[in-house]
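The primary structure of each chain is shown beneath.
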Amino acid sequence: MPELPEVETIVRGLRPQIVGQAIRNAELLWPRTLVTPEGDKFARTIIGQRVREVSRRGKFVVLRLSVSHLLIHLRMSGDIFIKDKPVQIEKHDRLILSLSNDKVMVFNDTRKFGRAWLTKDPEAVLGGLGPEPLSEAFTPEWLGQALRSRKRRLKPLLLDQTFIAGLGNIYTDEALHLARLHPLAASDTVTPEQAGRLWRAIRQVLEEGIRRNGASIDWVYRGGDFQNYFRAYGRTGQPCPECGTPIERMLVGQRSTHICPFCQNEEL
DNA sequence: CACGAGACCTGTTCGC
DNA sequence: TGCGAACAGGTCTCGT
């Protein structure tokens, strides 16, 4: 489910409900969800700490606690809910934190890919991430130079979280379509003009995604409606919004990829 | 360094 | 109707 705009939407919803609350109890229902620390040390360490701040780094939800950080990555199917006590455990609930305001934070994750870290050194987990695409550090010049310094196909490079943090399959397809760039184009051949277009497109699709509270697909519905404004993603056979040519689906690095063969044609 | 394949999981949809 | 295959918003690890 979640890419940068979906995670940002979740963080914004979470923040006012849990900042300032103390953690009264912790239940780990699927042990593999927790990368660190081992077993019962988790509950012992987290109980009693207070939530100081809720933020996002790339696709990670970051809870700064009194003495540790709790990092959560939702991967494909993870989601976080705040519920009133008493809660009954639902199918696929993996981690439950009881708070001092009689609410409960539930991490639910159908496919069990999601992961959490409780650590005093969040940089050990987040340190390898590339720049935040909505930050000042992400400039057209930086992007152009970074693309030229590698020799990769554009789409897998944009999906690489050590290159830029936060893009996933949807927003990458959307950004490449908006920038009129082919997902297989070699990064070291992108001109400054094209890099500028890509920079604008990335900013634009992420900002619109956030404005629309993310995208809701399949059975995962969170209220976002960006899925109604997709240009390319998931629109195989439907007309390109720019030129009417049917959108085509192809495979790039094992990920399904959607392009307009007319607009995104710098490849052939 | 770049890339493909397979793994990790459960659930839904598609094709015969 | 039934049943296996394909597919899903992510990332890691291994082999070439």
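No experiment lies behind these values; they were computed from the predicted model shown.

About the criteria used
Residues numbered from 1 in each chain as written. Chains lettered and ligands numbered in written order. Predicted model: local features only at pLDDT ≥ 70, side-chain atom pairs only at ≥ 80, totals over all residues. Heavy atoms only, no water. Near = heavy atom within 4 Å. Polar contact = N/O pair within 3.5 Å; in protein donor to acceptor, adjacent residues only side chain to side chain. Salt bridge = Lys/Arg side-chain N within 4 Å of Asp/Glu carboxyl O. Helix = DSSP H or I, 4+ residues; strand = E, 2+ residues; numbered from the N terminus. Buried < 20%, exposed > 50% of the residue type's maximum accessible area, 1.4 Å probe, protein only. Domains from an automatic or database assignment. Buried area = accessible area lost by both parts, 1.4 Å probe. Nonpolar A, V, L, I, M, F, W, Y, C, P; charged D, E, K, R; others polar. Axes fitted to C-alpha atoms, helices over the stretch in contact; angles between N-to-C directions. Left-handed = near helix turned anticlockwise from the far one by under 90°. Contact = heavy atoms within 4.5 Å. Pairing = 2+ DSSP bridges.

1. Things to note about the protein's contact with DNA strand B
Okay, step 1: Within the structure, DNA strand B sits among 13 residues, and R32, H92, R111, K112 and R153 are positioned closest to it.
Okay, step 2: Protein-adjacent atoms of DNA strand B, using a 4 Å cutoff, are sugar or phosphate at a proportion of 71%.
Okay, step 3: The separation between a phosphate oxygen of DNA strand B and a polar side-chain atom of R32 is 2.6 Å.

2. Overview of the pattern of salt bridges
Okay, step 1: Per the stated rule, a full pass over the model turns up 14 salt bridges.
Okay, step 2: Of the charged contacts, one joins E8 and R56 as a salt bridge, the two residues approaching to 2.7 Å between their closest N and O atoms. With E8 in helix α1 (residues 4-18) and R56 in strand β3 (residues 51-57), the pair connects residues that are 48 residues apart, well separated along the chain. For the pair formed by E8 and R56, the shared burial category is buried.

3. Points about the domain arrangement of chain A
Okay, step 1: Annotation of chain A at the domain level lists domain 1 (4-126) and domain 2 (140-259).
Okay, step 2: Distance between the C-alpha centres of domain 1 and domain 2: 29 Å.
Okay, step 3: Between domain 1 and domain 2, the buried area comes to about 1,200 Å², and carbon and sulfur atoms account for 61% of it.
Okay, step 4: Linking domain 1 with domain 2 are zero salt bridges, by the criterion used here.
Okay, step 5: If you look at where domain 1 meets domain 2, you find four residue pairs in polar contact (both at pLDDT 80 or more).
Okay, step 6: Mapped by element, the contributors of at least two residues to the side of domain 1 that touches domain 2 are α1 and β6 (78-84).
Okay, step 7: Counting residues per element, the side of domain 1 that touches domain 2 draws most heavily on α1, which supplies seven residues.
Okay, step 8: Counted by class, the side of domain 1 that touches domain 2 contains five nonpolar, three polar and six charged residues.

4. Re the packing of helix α4 (residues 140-148) against helix α7 (residues 192-211)
Okay, step 1: Put simply, α4 and α7 touch, their axes get as near as 8 Å, and they point 120° apart. The chirality of how α4 crosses α7 is right-handed. Residue-level inspection shows P140, L143, G144, L147 and R148 of α4 in contact with α7, the latter providing P192, A195, G196, L198, W199 and I202.
Okay, step 2: A class-by-class count of the residues in the contact of α4 with α7 yields eight nonpolar, two polar and one charged.

5. Considerations on the pairing of strand β11 (residues 255-259)
Okay, step 1: Of all five residues that make up β11, four are buried, and the element is covered over most of its length.
Okay, step 2: Strand direction decides the pairing type here: strand β10 (residues 248-252) and β11, joined by five bridges, are antiparallel. Looking across to β11, one finds that E248 is bridged to I259.
Okay, step 3: Counting the residues between successive antiparallel strands, the hairpin from β10 to β11 contains two residues, one of them, G253, with a positive phi of roughly 55°.

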